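# Fold and contact review
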Amino acid sequence: MTHFETEPREAALKQLILQAGTTALAGFNARQPGEYQLKGHQDILTETDTLVEAQLMQALRERFPQDLILGEESAQPPADAHSLWVIDPIDGTANFARGIAHFCICIAWVRHGVTELGAIYNPVSEELYLARRGHYALKNDRPLRCAGTDDSRRAAFELGWSSRHSQRRYLDVMAALLNGGATVRRGGSGALALAWVAEGRSDGYVEAHMNAWDCLAGLLLVAEAGGRIGVVPEDSAGIYAGLPVLAAAPGVAAALAQASAIPLAEHSTKDLKAERHNVNAAGSETALFTDTLPTDSANTGGSPASQRTAAGHASAEGEDALNNAARHYPRPPVSLIAADLPGWGMDIYIGGSDGVTDLALLDQHHIRTVINCAVNLDIDWVNLAEPGSAPHLLRHGSGSVRYYKLGLIDGEGNAPEMLHAGYLLMRAALLQQIPDKASYRNRERGNILVNCRGGRSRSVALVALFLHLECPQQFPTLDAAIALIRDKRELHPDEWSETPKPSLTRLAEWAIVRERALRATEHRDDRA
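Sequence order as written defines residue numbering, which begins from 1 separately in each chain. Selection of residues for local features in this predicted model requires a pLDDT of at least 70, selection of side-chain atom pairs for listing and counting requires 80 or more, and totals for whole chains, interfaces and linings are taken over all residues. Remark: hydrogens and water are excluded; side-chain values derive from all non-hydrogen atoms of the structure.

All right, on to the overall build of the protein chain then. Strands are runs of DSSP state E lasting at least two residues, helices are runs of H or I lasting at least four, and both sets are numbered from the N terminus onward. Helices and strands together make up the secondary structure of the protein chain, namely 16 helices and 21 strands. Think of it in three bands: residues with accessible area under 20% of the maximum for their type are buried, residues over 50% are exposed, and the middle band is partly exposed, with areas taken using a 1.4 Å probe on protein chains only. When burial is assessed residue by residue, the protein chain has 55% of its 528 residues classed as buried. To measure how exposed things are, a 1.4 Å probe is used in the Shrake-Rupley method; for residues, cover is taken only from the protein chains shown. Accessible surface for the protein chain amounts to roughly 22,800 Å². Of this, 50% is attributable to carbon and sulfur atoms.

All right, on to the packing of aromatic side chains then. For any pair of aromatic rings, the description consists of the separation of the ring centres together with the inter-plane angle of the planes. Pairing of aromatic rings covers Phe, Tyr and Trp, the last counted by its six-membered ring, and requires centre-to-centre distances within 6.5 Å; plane angles under 30 degrees mean stacked, over 60 mean edge-to-face, and any other angle means tilted. Applying the stated criterion to the full structure yields eight aromatic pairs. Where Phe96 meets Phe103, the ring centres are 4.9 Å apart and the plane angle is 80 degrees; that geometry is what we call edge-to-face. The pair Phe96 / Phe103 is uniform in exposure class, with both members buried. Relative to Phe466, the ring of Trp344 has its centre 5.8 Å away and its plane inclined at 50 degrees; by these criteria the two rings are tilted. Of the two residues, Trp344 is situated in the loop between strand 15 (334–338) and strand 16 (348–351) and Phe466 in helix 14 (residues 458–470); the sequence distance between them amounts to 122 residues. For the residue pair Trp344 and Phe466, the accessibility class agrees, reading buried in each case. By way of ring pairs, the aromatic residues Phe28, Phe96 and Phe103 are connected into one cluster. Lying across the ring of Phe28, Arg31 places its NZ or CZ 5.9 Å from the centre. Over a ring means this: the NZ of a Lys or the CZ of an Arg is within 6 Å of the ring centre and within 35 degrees of the ring normal.

Attention now goes to unusual backbone geometry. The omega torsion across Thr499 and Pro500 is 0 degrees, close enough to zero to call that bond cis. For Pro500, the position within the fold is in the loop between helix 15 (478–488) and helix 16 (502–527). In this model, Asp141 sits at a positive phi of 70 degrees, which is unusual for a non-glycine residue. Structurally, Asp141 is set in the loop between strand 8 (136–139) and strand 9 (142–143). In this structure, His366 takes a positive phi of about 55 degrees despite not being glycine. Assignment of secondary structure puts His366 in the loop between helix 12 (359–364) and strand 17 (367–374).

It is worth spelling out the environment of Gly355 at this point. Mapped onto the secondary structure, Gly355 falls in helix 11 (residues 353–356). A sequence separation of 98 residues divides Gly355 from Arg453, and the C-alpha atoms of the two residues are 9.6 Å apart. Dropping the residues within four chain positions of it, Gly355 is found in contact with Pro333, Val334, Leu361 and Leu362. Contacts were defined at the residue level, with two residues in contact if any of their heavy atoms lie within 4.5 Å.

The next thing to look at is the nonpolar core. Think of a nonpolar core as a cluster: buried Ala, Val, Leu, Ile, Met, Phe, Trp, Tyr and Cys residues, connected wherever their side-chain atoms sit within 4.5 Å. Ranked by internal contacts, the top residues of the largest apolar core, which has 61 residues, are Ile120, Leu219 and Leu221. Among the elements that take part in this core, helix 6 (residues 212–224) stands out by supplying 10 residues, more than any other. When residues no more than four places from it in sequence are discounted, the contact partners of Leu221 are Ile120, Tyr129, Leu130, Ala131, Ala137, Leu138, Leu144, Ala195 and Ala198. In terms of nonpolar packing, the next biggest core, distinct from the first, is built from 54 residues, Ile448, Val460, Leu469 and Ala508 among them.

This brings us to the sheet that holds strand 10 (residues 156–159). Adjacent strands of a sheet form backbone hydrogen bonds with each other and so pair up, either parallel or antiparallel. Here, a strand pair is defined by DSSP locating no fewer than two bridges between the strands. Strand order in the open sheet made by the five strands is 11-10-12-14-13, with mixed pairing throughout. Each edge of the sheet is formed by a strand with only one pairing partner; in this case those strands are strand 11 (183–185) and strand 13 (228–229). With two bridges joining them, strand 13 and strand 14 (residues 243–248) adopt antiparallel strand pairing. Pairing of Arg228 across the sheet is with Ala248, part of strand 14. Along the sheet, helix 6 contacts strand 12 (204–210), strand 13 and strand 14; its crossing angle with strand 14, the most-contacted strand, is approximately 30 degrees. Lines are fitted to the C-alpha atoms to define the axes, a helix being fitted only along its stretch in contact, and any angle between axes, read from their N-to-C directions, falls within 0 to 180 degrees.

Its location among the elements puts Gly99 in the loop between helix 3 (93–97) and strand 5 (104–111). Between the C-alpha atom of Gly99 and that of Gln32, which follows or precedes it by 67 residues, the distance is 8.9 Å. Residues in contact with Gly99, not counting those within four places in the same chain, are Phe28 and Arg31.

Turning to the pattern of salt bridges, a few remarks are in order. Between Lys or Arg on one side and Asp or Glu on the other, a salt bridge is scored when a side-chain nitrogen of the former is within 4 Å of a carboxyl oxygen of the latter. With the rule as written, the count across this model stands at 25 salt bridges. For Arg111, the salt bridge identified is with Glu5, shortest N-O distance 2.6 Å. Separated by 106 residues along the polypeptide, Arg111 in strand 5 and Glu5 in helix 1 (residues 3–30) bring together distant segments of the chain. Here Arg111 falls in the buried class, since its relative accessible area comes to 18%. Note on Glu5: relative accessible area 22%, which makes it partly exposed.

The next subject is the pairing of strand 4 (residues 83–91). Taken across its nine residues, strand 4 has nine buried, putting it largely inside the fold. Pairing between strand 3 (residues 68–71) and strand 4: four bridges, direction parallel. Its bridge partner lying in strand 4, Gly71 is registered against Ile87. Looking at chain direction, strand 4 and strand 5 are connected through seven bridges and run antiparallel. What sits directly across from Ile87, in strand 5, is Ile107.

The subject of this paragraph is the side chain of Arg456. Within the secondary structure, Arg456 is located in the loop between strand 21 (447–451) and helix 14. Throughout this description, a polar contact denotes any pair of N or O atoms lying within 3.5 Å of each other; where both atoms belong to protein, one of them has to be capable of donating a hydrogen while the other can accept it, and for residues adjacent in sequence the pair is counted only when both atoms sit in side chains. At a separation of 3.0 Å, a polar atom in the side chain of Arg456 contacts the side chain of Glu495. A distance of 2.6 Å separates a polar atom in the side chain of Arg456 from a polar atom in the side chain of Glu498. Those residues in contact with Arg456 that lie beyond four places of it in its chain are Arg331, Leu491, Glu495, Glu498, Thr499 and Pro500.

Two elements in contact, helix 14 and helix 15, have axes whose closest approach is 8 Å; the angle formed by their N-to-C orientations is 125 degrees. In terms of axis orientation, helix 14 runs oblique to helix 15. Every pair of crossing elements has a handedness; the one defined by helix 14 and helix 15 is right-handed. On the side of helix 14, the interface is formed by Val460, Val463, Ala464, Leu465, Leu467 and His468, while helix 15 contributes Leu478, Ala481, Ile482, Leu484 and Ile485. In the scheme used here, Gly and all other residues not listed as nonpolar or charged are polar, with Ala, Val, Leu, Ile, Met, Phe, Trp, Tyr, Cys and Pro taken as nonpolar and Asp, Glu, Lys and Arg as charged. For the contact of helix 14 with helix 15, the residue count by class is 10 nonpolar, one polar and no charged. Angle categories are assigned with fixed cut-offs, so that under 35 degrees is roughly parallel, over 145 is roughly antiparallel, 65 to 115 is roughly perpendicular, and the rest are oblique. It is the rotation of the near helix from the far one that decides the hand of a crossing: anticlockwise by less than a right angle makes it left-handed, clockwise makes it right-handed.

Our next topic: the packing of helix 5 (residues 190–199) against helix 6. At a minimum axis distance of 8 Å, the contact between helix 5 and helix 6 shows a crossing angle of 0 degrees. As far as their axial angle goes, helix 6 and helix 5 are roughly parallel. Of the residues in helix 6, those in contact with Gly190, Ala191, Leu194, Ala195, Val197 and Ala198 of helix 5 are Asp214, Cys215, Gly218, Leu219, Leu221 and Val222. Tallied by class, the residues present in the contact of helix 5 with helix 6 amount to nine nonpolar, two polar and one charged.

All we've got here are geometric facts, nothing functional implied.
Shown next, in the form of structure tokens:
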């Protein structure tokens, strides 16, 4: 990327966010109690939100007509992330509407999937946070640096709440943080919470799900201020779907990642080399602190060389968490997840390669339908070969079950539509009526087993998606379905950060958005 591409946007960003701040402040001072609408549960919209977003979008389109824009109030999936502005006109709208001066405008510019510029502005306090990848993180033109806290017992964390996840998930994370000795607060603006981490006012922020317009600018601020962050999607579908967010001072990032089950992004190569040099120079025998929990994504890149962790306690925390994540915990070959599923009259099982290939076990649980989620696992089901097959041909014919293969990657690399296709495949497989012909041996549907290699990530994502979409009263959120599966599948809490992998959770969230949009379209067509 050239300076010619970045610098005009860098200059425009500062000017436009200050202008938007003037509009937002006027709206804040002129507001009347109760003058707001509800977009959803505890999701407030004010007239100022709409006004500020329209102002920003008009100005950006005039200056950069080739760029795409993703705004909170006019959110539509962007065609790509080659040059994308991501805007939240008012983050902390509930505070704004109630006269609490803790809100901000938040803008990020994304180039080829990577956040290059970020700005957060609180017009009441006149605090302007700016970041440019690989260059700076500033507050009112003064450099920012994350706190040096290296013990979670001295840490102050902020925990954001998301309506997309269950109250149980929120309370579990809070309990883990409090049990670790930290203090926990909630301010009502995720963007400002991230800015405060970058500034050192707070030691970390975590939220189970945030929209990109709330967090991309703040995550860049933290990374450039020497902090650690979670994995950030780098494609338009992932950006639109949102993400689990973690940002922390480096010395307590491991503890926060373990408590929240949100993995840290990997260090850049530059940072790892710098850390190795520092550890060796200090004569430390402690293993190099990388990630608390392994991730399935490429590193976010662009973090400054100052992104280092404190030796000693922080390194030990990181090493312990990494060892826990790498450990293999026992689990059953197959697990009953949902019995007599309402509306379907069958049981859903999840299993790994050892369970799906045990025909006696499948028969014991009356499993007659199998969906294999793993692209890197093939199963030879043929027990009645096609008669007259030529010797040079691979064995083919009829198997013991009705078998369907989805073929997901356990991590990054799946097309955005892949998991939604899996939901449709699973639904269609259960509805399929096998004809009464000799060439169709497996006419009985029976119960269904969804498998992958380990039965803990890809299969979990698909079954959780299916349960949430098919039984929304029983599983009102995706997280509620995942929590049930973790319990029924006997997955150890140390595995939760990758059961399922974060990228698969994002695909499931994207699939939910897509499926609801399709249903809304079909409903409109039916009414017409």
